[in-house]
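# A look at the structure
The chain contents come next:
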Amino acid sequence: MNPMLALRQYQKVGAQAQTSEATPHRLVQMLMEGGLDRIAQAKGAIARNDIPAKCVAISKAIGIVGGLREGLDLEKQADALADLDGLYIYMMKRLAEANIKSDPKILDEIASLLSTVKEGWDAIGAPAPQF
């Protein structure tokens with residue numbers, strides 16, 4: 001058996017197990033982690049001049065950010081979420097631009113923005129300090 005194929009299958013099973021047991025909050029965290037991973041993969045692909053891998057990684061990152069955007073409940077909380085919705089739209093546009101230009105600086109910008117959103121999200125789910 002191909003060891004890389006076995007590793008991918010193992011990772012796939014592990015990811016499926018995590019998502020099946022995860023809370024909605026954890027699923028959003030996992031999406032954000034996946035987006036950051038895909039951005040890092042795209043940067044590596046740019047450094048290697050691997051255009052197909054860059055395109056795949058950025059496309060996946062765009063899809064993840066789009067999924068985060070789709071998860072916003074704009075019908076019930078449009079005012080509260082308008083800025084975040086706009087930020088996700090901006091991220092997707094800039095990711096597309098990074099793909100066209102093969103620009104790692106744009107990827108750094110989006111990774112920073114997504115990390116900031118993730119830090120806020122992580123803080124929401126963090127247990128309250130015990131005094």
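The following refers to the structure shown. Quantities reported herein were computed from a predicted structural model and do not represent experimental measurements. (Residues numbered from 1 in each chain as written. Predicted model: local features only at pLDDT ≥ 70, side-chain atom pairs only at ≥ 80, totals over all residues. Heavy atoms only, no water.)

## Overview of the overall build of the chain
For the chain, the count of helices and strands is five helices and zero strands. In the chain, the succession of α and β elements from N to C terminus is α-α-α-α-α. Relative to its 131 residues, the chain shows a buried fraction of 27%. Excluding contacts between residues fewer than 6 apart, the proportion of contacts in the chain whose partners are at least 24 apart in sequence is 59%. (Helix = DSSP H or I, 4+ residues; strand = E, 2+ residues; numbered from the N terminus. Buried < 20%, exposed > 50% of the residue type's maximum accessible area, 1.4 Å probe, protein only. Contact = heavy atoms within 4.5 Å.)

## Remarks on the pattern of salt bridges
Side chains that differ in charge, positive against negative, can pair when their charged atoms come close. In total, this model carries nine salt bridges according to the counting rule given. Between Arg26 and Glu33 there is a salt bridge, with its nearest N and O atoms 3.1 Å apart. Residue Arg26 is classed as partly exposed on the basis of its relative accessible area, which comes to 27%. For Glu33, a relative accessible area of 29% translates into the label partly exposed. In this structure, the salt-bridge partner of Glu33 is Lys118, at a minimum N-O distance of 3.8 Å. Taken together, the residues span a long stretch of sequence, with Glu33 in helix α2 (residues 24-48) and Lys118 in helix α5 (residues 104-125) at a distance of 85 residues. Put simply, Arg26, Glu33, Lys118 and Asp122 are held in one network by salt bridges that share partners. (Salt bridge = Lys/Arg side-chain N within 4 Å of Asp/Glu carboxyl O.)

## Digging into the packing of α2 against helix α3 (residues 51-70)
Relative to each other, α2 and α3 sit at 160 degrees, their axes nearing to 8 Å. The orientation of α2 with respect to α3, classified from their angle, is roughly antiparallel. When you trace α2 past α3, the crossing you get is left-handed. Two secondary-structure elements touch here, α2 through Val28, Leu31, Met32, Gly34, Gly35, Arg38, Ile39, Gln41, Ala42, Ala45, Ile46 and Arg48 and α3 through Ala53, Lys54, Ala57, Ile58, Lys60, Ala61, Ile64 and Leu68. Here the residues of the contact of α2 with α3 are counted per class, giving 13 nonpolar, three polar and four charged. (Axes fitted to C-alpha atoms, helices over the stretch in contact; angles between N-to-C directions. Parallel < 35°, antiparallel > 145°, perpendicular 65-115°, else oblique. Left-handed = near helix turned anticlockwise from the far one by under 90°. Nonpolar A, V, L, I, M, F, W, Y, C, P; charged D, E, K, R; others polar.)

## Looking at the nonpolar core
Grouped together as the largest cluster of nonpolar side chains are 23 residues, with contacts concentrated most on Ile39, Tyr88, Met91, Leu95 and Leu107. Among the secondary structure elements, those contributing two or more residues to this core are α2, α3, α4 (74-101) and α5. (Core = buried A, V, L, I, M, F, W, Y, C linked by side-chain atoms within 4.5 Å.)

## A word on unusual backbone geometry
Even without glycine at this site, Asn49 takes up a positive phi of about 60 degrees. Take Asn49: it is sitting in the loop between α2 and α3. For Asn49, a relative accessible area of 60% corresponds to the exposed category. One non-glycine residue, Ser102, lies in positive phi territory at about 50 degrees. Position of Ser102 relative to the elements: it lies in the loop between α4 and α5.

## Topic: α2
Each full turn of the α-helix corresponds to 3.6 residues, which orients residues three or four apart in the same direction. With 25 residues, α2 should reach 36 Å at 1.5 Å per residue; the first-to-last C-alpha distance of 36 Å fits that figure. Where α2 terminates, the next one or two residues include Asn49, which has phi positive at roughly 60 degrees. (Expected span 1.5 Å × (residues − 1).)

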